[in-house]
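# An overview of the molecular structure
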Amino acid sequence: MEKFLRLTDTMIPLSIENIDTDQIIPARFLKATDKKGFGDNVFRDWRYQKDGSLNTNFVLNNTKYKGSVLVAGNNFGCGSSREHAAWALVGYGFKVIISSFFADIFKGNSLNNGLLPVQVSSEFLQKLLKEIKENPATKITIDLENQKVETSIGNISFEIDSYKKVCMINGYDDIDFLISKKNKIEAFEATL
């Protein structure tokens, strides 16, 4: 995984609530076990018409919005527990998802794949979505070390599991974390 300390970027507003993992990555694309290529099919049924042409009304196809931060409606990542949803979002280029609620399994899958889910209040989320729609060039800063979100509409703090925070800051997956503790483990074993 890439290290994540601080990110400043523009945002893409997806003000739909209850986005489930089948909408993020439809089940027909789950045949592969390799993470490569999943980003091509993120939100596939919303991004494309049935004839395969781009749905120009969908926000990811709107050229005025860009960035690696997706700001989504409440209850993001609900539904099945497929890790492929996190793979698809990361594969598309997202580094942060902001919502007022995340399904627990989706949140864990995201953190395990270097995608930071930032949970904010419903009020802040609505203000942020409104700001992005009025000014698509609005920037946001996510400071993981200090657990802060900085925007033109105000700053807030967010919660994150301390272990997952260490992993994201250092670019560790669970095995990398254990390897980083090798000297301490060996020193402890030497005392036995």
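Now for a look at the structure at hand. (Residues numbered from 1 in each chain as written. Predicted model: local features only at pLDDT ≥ 70, side-chain atom pairs only at ≥ 80, totals over all residues. Heavy atoms only, no water.)

Neither face of strand β3 (residues 96-99) is left uncovered, since the one carrying Val96 and Ile98 and the one carrying Ile97 and Ser99 both have all their residues buried. As judged from the three bridges shared by strand β2 (residues 69-72) and β3, these two strands associate in the parallel manner. Note on β3: the bridge partner recorded for Leu70 is Ile97. One crossover worth recording links β2 to the parallel β3 by way of helix α3 (residues 84-92), and it is right-handed. As paired elements, β3 and strand β4 (residues 116-119) share four bridges and run parallel to each other. (Buried < 20%, exposed > 50% of the residue type's maximum accessible area, 1.4 Å probe, protein only. Helix = DSSP H or I, 4+ residues; strand = E, 2+ residues; numbered from the N terminus. Pairing = 2+ DSSP bridges. Right-handed = clockwise from strand over helix to strand, strands pointing away.)

For the rest of this paragraph, the subject is the sheet that holds strand β6 (residues 148-151). As summarised here, the arrangement of the seven strands in space is β4-β3-β2-β1-β5-β6-β7, forming an open sheet in which the pairing is mixed. Each having just a single partner strand, β4 and β7 (154-157) make up the two edges of the open sheet. The average undirected angle you get between the axes of adjacent strands in this sheet is 25 degrees. Judged from the five bridges that link them, strand β1 (residues 6-14) and strand β5 (residues 139-143) form a sheet pairing that is antiparallel. Residue pairing for β5: Thr8 is matched across the bridge by Thr141. Sitting on the sheet, helix α5 (residues 122-134) touches β1, β2, β3, β5, β6 and β7, and the angle it makes with β1 is about 85 degrees. (Axes fitted to C-alpha atoms, helices over the stretch in contact; angles between N-to-C directions. Contact = heavy atoms within 4.5 Å.)

Non-glycine residue Asn18 carries a positive phi angle of around 60 degrees. Relative to the helices and strands, Asn18 resides in the loop between β1 and α1 (21-24). Although it is not a glycine, Asn75 adopts a positive phi angle of roughly 65 degrees. Along the chain, Asn75 turns up in the loop between β2 and α3.

So far we have only geometry, and geometry alone does not tell us how the molecule works.
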